[in-house]
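For reference, the chains in residue letters:
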Amino acid sequence: MTIERFFADAEERLRGVDEERRQRVVERLTLARAMMESVDPLDFIENWLAPDERYRSKFS
């Protein structure tokens, strides 16, 4: 959630900058969001593997 607040704050601050800087920052924000993948907690929980899911013995 901290990461999402960071991005939301950055996007909010874009309202007060000139168009040239805004375009540069929007491009950088897009790259940063892509690197972080999803910051949705539901996506995280849905894709998370618990230890017993991750380390199943082949011999059981």
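Parameters at a glance
Residues numbered from 1 in each chain as written. Predicted model: local features only at pLDDT ≥ 70, side-chain atom pairs only at ≥ 80, totals over all residues. Heavy atoms only, no water. Helix = DSSP H or I, 4+ residues; strand = E, 2+ residues; numbered from the N terminus. Contact = heavy atoms within 4.5 Å. Phe/Tyr/Trp six-rings, centres within 6.5 Å; stacked < 30°, edge-to-face > 60°. Expected span 1.5 Å × (residues − 1). Polar contact = N/O pair within 3.5 Å; in protein donor to acceptor, adjacent residues only side chain to side chain.

1. Structural notes on the environment of Ile-3
Then, number 1: Position of Ile-3 among the secondary structure elements: in helix H1 (residues 2-13).
Then, number 2: Counting along the chain gives 39 residues from Ile-3 to Leu-42, while the straight-line C-alpha distance between them is 15 Å.
Then, number 3: With near-sequence residues (within four places) excluded, Ile-3 lies in contact with Met-36 and Val-39.

2. Side note on the packing of aromatic side chains
Then, number 1: Using the criterion set out here, one finds 1 aromatic pair in the structure.
Then, number 2: The interplanar angle of 70 degrees and the centroid separation of 5.6 Å between the aromatic rings of Phe-6 and Phe-7 together place this pair among those described as edge-to-face.

3. Structural notes on helix H2 (residues 19-36)
Then, number 1: Its 18 residues place the ends of H2 25 Å apart at the C-alpha level, agreeing with the 26 Å of an ideal helix rising 1.5 Å per residue.
Then, number 2: With a side-chain oxygen lying 3.2 Å from the backbone nitrogen of Glu-20, the N-terminal cap of H2 falls on Asp-18.
Then, number 3: Looking at the residues trailing H2, positive phi occurs at Glu-37, about 60 degrees.

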